[in-house]
Amino acid sequence: MTSPAGTTSAASRAFPLWAVVAAGCVIVAINFGPRVSMGFFQIPLITERGWGRETYSLAMAIQNLMWGVGAVLFGGLADRFGTARVLSLGALLYAAGLLVMAWAPQPIWLHVGGGIMVGLGVAASSFGIVMAAFGRSVSAEKRTMVFGYATAAGSFGQFFFSPLTQGLIQTYGWHDSLLILAAIIGVIPLLSVLLRGKPAPKASAGHADQTIAEALREAGGHGSYLLLASGFFVCGFQLAFITVHFPAYIRDLGLDAKWGVIGLMLVGLFNVIGSLGSGVLGSRVSKRYLLAFIYVARSVAAAAFVLAPASPASVVLFSAVMGLLWLSTVPPTNALVAVMFGTRYLALLGGIVFLSHQVGSFIGIWLGGYLYDLNKSYEPVWWIGIVLGLFAALVHLPIREEAAIRPLAAPAE
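A brief structural summary.

1. Observations concerning the environment of Asp-252
Then, number 1: Mapped onto the elements, Asp-252 comes out in helix 10 (residues 223-252).
Then, number 2: Each C-alpha atom, one on Asp-252 and one on Tyr-378, is 9.2 Å from the other, the two residues being 126 residues apart in sequence.

Put into structure tokens, the structure is as follows:
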């Protein structure tokens with residue numbers, strides 16, 4: 001009996017490492033930017049259509065749930081058929097979903113386009129697929145760091161697309177802005193060529209190859225993996241609620257709408273720092289303790305923001321602090337999956353953990369809209385997220401940072 005170890009080599013790449021990483025980071029930025037800008041469309045879209053916030057919240061909740069379901073589905077397809085094909089398919093779904101969302105005359109079409117289609121498109125072209133390509137391109141010691149690059153790229157996408165989207169809406173209106181974003185998504189298939197490839201059949205020399213069913217059974221019986229997934233549920237709840245409802249919350253506080261834009265810009269900017277820092281720290285310190293600290297810090301920052309008097313200064317301070325913690329959970333979380341099971345099914349098993357994240361996203365977004373329409377206040381959801389953050393910190397402490405025990409392949413006779 002011995003443990004799996006992911007193996008990588010330059011031979012597994014069709015292009016130089018710098019080109020693979022650069023293309024992957026641009027893809028992640030393009031993928032992540034429009035998605036995190038969805039909150040800017042809420043007020044103008046529902047005002048013109050005459051719908052309530054719960055209607056828009058449900059569409060965004062469906063989007064996040066489909067992102068999670070798609071992460072598992074497309075992760076398995078990428079592991080089997082290659083990264084570039086899945087990224088291209090994702091871009092097609094993503095762009096088509098934005099077009100349907102722009103046209104949607106009834107809520108059902110908003111849910112289909114902005115919810116199902118965009119969610120699946122985001123999943124197939126997101127950092128989970130890109131990180132799997134990165135993971136098989138570098139050594140185990142460098143994985144957390146390159147995962148940090150991909151996560152930071154997503155953060156830069158948020159920083160870049162937040163003012164861009166708001167400016168497009170103000171200049172061209174929400175409808176045409178969605179069409180422009182759909183056109184930008186069309187760049188992804190061109191870049192995906194540089195991430196061509198799929199995992200080698202075996203996790204490492206001397207180890208028995210696994211089927212997908214065997215990999216799923218192994219992960220399903222692994223206690224640390226299940227704890228990791230439950231903690232990532234909380235990450236989704238916290239971040240998705242803020243992404244969709246923060247601009248509206250800022251207006252409800254009586255502040256100018258521009259502070260919602262500035263806040264999400266700052267989140268994206270500071271998360272570049274936080275993601276890169278998390279990638280570096282995750283290579284040097286305990287990943288489970290790093291994750292526990294991030295969740296506690298998020299809860300403290302959110303509690304301070306809710307309790308403090310509303311002001312531009314409080315928005316700036318909260319956004320900067322939350323930005324440092326925003327996607328900093330992603331590099332150590334994905335690195336722990338690779339530590340436990342290697343890179344053979346990293347996209348699939350990482351996708352399952354991400355599905356948990358997106359179930360949390362679905363609940364956070366929908367609950368935010370539902371409780372707002374019920375009570376005209378977002379505060380109950382803020383406090384639910386604060387308590388869940390403390391729960392997430394606790395469940396990471398027992399995680400074991402070691403590879404799953406796996407039998408050696410039978411020797412040839």
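Still more ground to cover, so stick around.
2. Looking at empty space enclosed by the protein
Then, number 1: Per the stated rule, a full pass over the model turns up 6 cavities of 30 Å³ or more.
Then, number 2: There is about 170 Å³ of room inside the largest cavity.
Then, number 3: Contributing to the lining of the largest cavity are 19 residues, with Gly-128, Asn-334, Gly-350, Gly-351 and Phe-354 lying nearest its centre.
Then, number 4: Of all the elements in the fold, those that place two or more residues in the lining of the largest cavity are helix 3 (53-81), helix 6 (127-135), helix 14 (330-341) and helix 15 (346-375).
Then, number 5: In terms of residue count, the dominant contributor to the lining of the largest cavity is helix 15 (6 residues).
Then, number 6: Residue composition of the lining of the largest cavity, grouped by class: 12 nonpolar, 7 polar and no charged.
Then, number 7: If you add up the space inside the second largest cavity, you get close to 110 Å³.

3. Overview of the packing of aromatic side chains
The description of an aromatic ring pair uses the distance of the two centres, along with the angle that the planes make with each other.
Then, number 1: The full count for this structure, using the stated rule, is 19 aromatic pairs.
Then, number 2: On the basis of an interplanar angle of 75° and a centroid distance of 5.8 Å, the ring pair of Phe-318 and Trp-382 is categorised as edge-to-face. With Phe-318 in helix 13 (residues 312-325) and Trp-382 in helix 16 (residues 379-396), this pair connects stretches of sequence that are 64 residues apart. The burial state of Phe-318 is the same as that of Trp-382; both residues are buried.
Then, number 3: Among the aromatic residues, those joined into a cluster by ring pairs are Phe-241, Phe-246, Tyr-249, Phe-305, Phe-318, Tyr-372, Tyr-378 and Trp-382.
Then, number 4: We note Arg-53 situated over the ring of Tyr-372; from NZ or CZ to the ring centre the distance is 4.3 Å.
Then, number 5: It is Arg-288 that lies over the ring of Tyr-289; its NZ or CZ is 4.5 Å from the centre.

4. Comments concerning the pattern of salt bridges
Then, number 1: On inspection of all chains with the given rule, the structure shows 4 salt bridges.
Then, number 2: Across the pair Arg-53 and Asp-252 runs a salt bridge, and its minimum N-O distance is 3.3 Å. In this pair, Arg-53 is assigned in helix 3 and Asp-252 in helix 10, connecting sequence segments 199 residues apart.
Then, number 3: The salt bridge involving Arg-288 is made with Glu-401; its shortest N-O contact spans 3.4 Å. Of this pair, Arg-288 sits in helix 12 (residues 287-307) while Glu-401 sits in the segment after helix 16, and the two are 113 residues apart along the sequence.

5. A look at the nonpolar core
Then, number 1: Formed by 122 residues in total, the largest nonpolar core has its most connected members in Tyr-56, Leu-98, Phe-134, Phe-246 and Trp-382.
Then, number 2: No other element matches the 16 residues that helix 10 contributes to this core.
Then, number 3: The residues contacting Trp-382, other than those within four sequence positions of it, are Phe-241, Ile-242, Phe-246, Tyr-249, Ala-302, Phe-305, Val-306 and Phe-318.

6. What about helix 13?
Then, number 1: With 14 residues, helix 13 ought to run about 20 Å at 1.5 Å a step, and its terminal C-alpha atoms sit 20 Å apart, in line with that.
Then, number 2: In this structure, the buried residues of helix 13 make contact with helix 10, helix 11 (258-282), helix 12 and helix 16.

7. Points about a nonpolar patch on the surface
Then, number 1: Side chains of Trp-103, Ile-108 and Trp-109 sit close together on the surface and give an oily, nonpolar patch of about 340 Å² of accessible area.
Then, number 2: Structurally, the position occupied by Trp-109 is in helix 5 (residues 107-124).

8. Things to note about the packing of helix 6 against helix 7 (residues 140-185)
Then, number 1: The N-to-C vectors of helix 6 and helix 7 enclose an angle of 150°; their axes lie 10 Å apart at closest approach. By the angle class used here, helix 6 and helix 7 are roughly antiparallel. The hand of the helix 6/helix 7 crossing is right-handed. Taking contact as the criterion, the partners of Met-131, Phe-134 and Gly-135 in helix 6 are, on helix 7, Arg-143, Val-146, Phe-147, Ala-150 and Thr-151.
Then, number 2: In terms of residue class, the contact of helix 6 with helix 7 is made up of 5 nonpolar, 2 polar and 1 charged.

Scoring rules and cut-offs
- Residues numbered from 1 in each chain as written.
- Predicted model: local features only at pLDDT ≥ 70, side-chain atom pairs only at ≥ 80, totals over all residues.
- Heavy atoms only, no water.
- Helix = DSSP H or I, 4+ residues; strand = E, 2+ residues; numbered from the N terminus.
- 1 Å grid on protein atoms, 1.4 Å probe; cavity = no way out; pocket = protein on both sides within 12 Å on 5 of 7 lines; lining within 4 Å.
- Points joined across faces, edges and corners; volume = space filled by probe spheres on them.
- Nonpolar A, V, L, I, M, F, W, Y, C, P; charged D, E, K, R; others polar.
- Phe/Tyr/Trp six-rings, centres within 6.5 Å; stacked < 30°, edge-to-face > 60°.
- Buried < 20%, exposed > 50% of the residue type's maximum accessible area, 1.4 Å probe, protein only.
- Lys NZ or Arg CZ within 6 Å of the ring centre and 35° of its normal.
- Salt bridge = Lys/Arg side-chain N within 4 Å of Asp/Glu carboxyl O.
- Core = buried A, V, L, I, M, F, W, Y, C linked by side-chain atoms within 4.5 Å.
- Contact = heavy atoms within 4.5 Å.
- Expected span 1.5 Å × (residues − 1).
- Patch = residues over 30% accessible without salt bridge, like charges linked within 9 Å, V, L, I, M, F, W, Y side chains within 5 Å.
- Areas by Shrake-Rupley, 256 points an atom, 1.4 Å probe, with all protein chains shown as cover.
- Axes fitted to C-alpha atoms, helices over the stretch in contact; angles between N-to-C directions.
- Parallel < 35°, antiparallel > 145°, perpendicular 65-115°, else oblique.
- Left-handed = near helix turned anticlockwise from the far one by under 90°.

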